[in-house]
Amino acid sequence: MTRKNVTETVPADAEGIAKAAAILKRGGLVAVPTETVYGLAARADSAEAVAKIYTAKGRPDFNPLIVHVSDLDQARRLVDASAAAQDMAATHWPGPLTLVLPKRKDASLAPAVTAGLPTVAVRAPAHSVMRALLEAVDFPLAAPSANRSGFISPTAAEHVLASLDGRIDMVLDGGVCAQGVESTIVAFREDGEWEVLRPGPITTKGAAPHQLSSIEAPGQLASHYSPGKAMRLNVEFSEVAPDDFVIGFGEVAGDCNLSESGDLKLAASRLYDCLHQAAASPKPRIAIAPIPEEGIGVAINDRLRRAATPPD
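Residues numbered from 1 in each chain as written. Predicted model: local features only at pLDDT ≥ 70, side-chain atom pairs only at ≥ 80, totals over all residues. Heavy atoms only, no water.

1. Focus: the overall build of the chain
Alright, step 1. Within the chain one finds 9 helices and 14 strands.
Alright, step 2. Here the chain has a C-alpha radius of gyration of 19 Å; the compact-globule value for 312 residues is 20 Å, and the two agree.
Alright, step 3. If one aligns the C-alpha atoms of the chain with their principal axes, the spans along those axes are about 60 × 50 × 35 Å.
Alright, step 4. Look at the contacts in the chain between residues 6 or more apart in sequence, and 67% of them connect residues 24 or more apart.
Alright, step 5. Summed over all atoms, the accessible surface of the chain reaches about 13,200 Å², with 52% contributed by carbon and sulfur.
Alright, step 6. For the chain, the separation between the mean place of its 30 positive charges and that of its 37 negative charges on side chains is 5 Å. (Helix = DSSP H or I, 4+ residues; strand = E, 2+ residues; numbered from the N terminus. Rg over C-alpha atoms; globule rule 2.2 N^0.38 Å. Contact = heavy atoms within 4.5 Å. Areas by Shrake-Rupley, 256 points an atom, 1.4 Å probe, with all protein chains shown as cover. Lys, Arg positive; Asp, Glu negative; His and termini not counted. Charge placed at Lys NZ, Arg CZ, Asp CG, Glu CD.)

2. A word on the pairing of strand 10 (residues 194-198)
Alright, step 1. The element strand 10 is largely enclosed, with a buried count of 4 among its 5 residues.
Alright, step 2. Taking the residues that link successive antiparallel strands as the turn, the strand 9 (residues 184-188)-strand 10 hairpin has 5 residues, and the phi of glycine 192 there is positive, at about 95 degrees. (Buried < 20%, exposed > 50% of the residue type's maximum accessible area, 1.4 Å probe, protein only. Pairing = 2+ DSSP bridges.)

3. Topic: the packing of helix 1 (residues 14-25) against helix 6 (residues 128-136)
Alright, step 1. Look at helix 1 against helix 6: their axes get within 9 Å of each other, and the N-to-C directions meet at 55 degrees. In terms of orientation, helix 1 lies oblique with respect to helix 6. Once helix 1 is placed against helix 6, the crossing between them reads as right-handed. Each of Ile17, Ala20, Ala21, Leu24 and Lys25 in helix 1 lies in contact with helix 6, whose residues at this interface are Val129, Ala132, Leu133 and Ala136.
Alright, step 2. Tallied by class, the residues present in the contact of helix 1 with helix 6 amount to 8 nonpolar, no polar and 1 charged. (Axes fitted to C-alpha atoms, helices over the stretch in contact; angles between N-to-C directions. Parallel < 35°, antiparallel > 145°, perpendicular 65-115°, else oblique. Left-handed = near helix turned anticlockwise from the far one by under 90°. Nonpolar A, V, L, I, M, F, W, Y, C, P; charged D, E, K, R; others polar.)

4. Concerning empty space enclosed by the protein
Alright, step 1. A full pass over the atoms with the stated rule returns 3 cavities of 30 Å³ or more.
Alright, step 2. The space that makes up the largest cavity amounts to roughly 210 Å³.
Alright, step 3. Around the largest cavity, the lining comprises 20 residues; the ones closest to its centre are Ala143, Pro144, Ser145, Glu182 and Arg198.
Alright, step 4. Residues that form the lining of the largest cavity fall into these classes: 7 nonpolar, 9 polar and 4 charged. (1 Å grid on protein atoms, 1.4 Å probe; cavity = no way out; pocket = protein on both sides within 12 Å on 5 of 7 lines; lining within 4 Å. Points joined across faces, edges and corners; volume = space filled by probe spheres on them.)

5. Looking at the sheet that holds strand 12 (residues 244-248)
Alright, step 1. One open sheet accounts for 4 strands, arranged 11-14-12-13; its pairing is parallel. Of all the strands in the sheet, the pair left with one neighbour each is strand 11 (230-232) and strand 13 (256-257).
Alright, step 2. As paired strands, strand 11 and strand 14 (residues 285-288) are joined by 3 bridges and run parallel to one another. By the bridge assignment, alanine 230 is partnered in strand 14 with arginine 285.
Alright, step 3. Against the sheet, helix 8 (residues 264-280) touches strand 11, strand 12, strand 13 and strand 14, its axis set at about 170 degrees to strand 12.

6. Focus: the environment of alanine 146
Alright, step 1. Positionally, alanine 146 belongs in the loop between strand 7 (141-142) and helix 7 (157-164).
Alright, step 2. On the basis of relative accessibility, which here comes to 0%, the residue alanine 146 falls in the buried class.
Alright, step 3. If we skip the residues at most four places from it in the chain, alanine 146 touches Ala31, Tyr38, Gly39, Leu40, Pro154, Val160 and Leu164.

7. Side note on the state of the cysteines
Alright, step 1. In this structure the tally under the stated criterion is 1 disulfide.
Alright, step 2. Each sulfur in the disulfide pair cysteine 256 and cysteine 274 lies 2.0 Å from the other. A torsion of -65 degrees about the S-S bond marks the disulfide between cysteine 256 and cysteine 274 as left-handed. Of the two residues, cysteine 256 is situated in strand 13 and cysteine 274 in helix 8; the sequence distance between them amounts to 18 residues. For the pair cysteine 256 and cysteine 274, a shared accessibility class is recorded, and that class is buried. (Disulfide = S-S within 2.5 Å.)

This is the structure:
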C-alpha cells in the first residue's frame, strides 16, 4: 500500500488496470468493479493471495469463493462442464451468471478457493474493467464482494472503502455497478438436474427446487448484507415510524427510493447504495417498502431477508 493504513483509489483506465495487474501478480488485493458489485480480486492460483481475501474480509473459511475467468475455455481448465452447463454459459456469458461445477483434478487453484468442496464456482463477468484486468493477467481471479464479511455489498468505490480501507492494496474506481445485486448462482448435479443456489439478475426456468443443507456457494448464509441496524420488511406507508430510515419503492417515497416508477431493475441497481445510506443515517431503524416477488425482485427480496436476519 502507498501509505500505512490507507488504500489507494485509482481510476479504472489503462494505467490503473496495468497497476492493478501488477499488484495481483505479486499476490496483492484489488477491488474491481463488475456489472453486479465490486469484487475483491486476488490470484486464484496462490494460497497466500487467497488467504489475504479471507483475512481482509473476516470471511469464514467454510464459505467458498467465485473464480472469475475470461471465457468458457479458461473455465474448462478448472471445471468439468457438462453439455448443459456449457450451453447455459454460452447463453449468458459474459454476464452475471455463476456456475457451480465439479473441480478438475488438475485445476491450478488454491485449496481455500473451494473451501474443501469438490466443486468450483466460476463466472465470466461482462464489465469492461474486470474483463480488461483478466486479459492483463495469465491466471483466474478469485473475487468475492469487496466488503467485510456479512456487511453491505459495494456498488461504488466509496462503499468498498467504508469497510476495507487500509485492509487492501487498491480500489479500481470504475463508477457505479449497473446490475447492483450479485450474480445468479446455478449448480449442476451429477444426475443432470440443476438448481439455483442464489437468485440474481439472470432469471432461469426449469431448475429443481433447492433445499439448503450446507454452504456450497457464496451468498447462502442466513445473515448477510447487514447494515448493522434493525430492519423491517414490507412496511406500508401507514406503518412508518418517525425515526425509521425508509427505503421506498414506487409511491412510497422514503428517505431513499429504489425506483419511483416501480422499475425492479433500477431498484436492484440502487439497493445497496440505499442500504449504505441507511447504515450511515442517525436514524436507528430501517423500514423497507414492499418489493414485488417477481423477476429480479426475487433477488432483491432474498438480499433484504438476509440483511434483516440478525447474526447468530
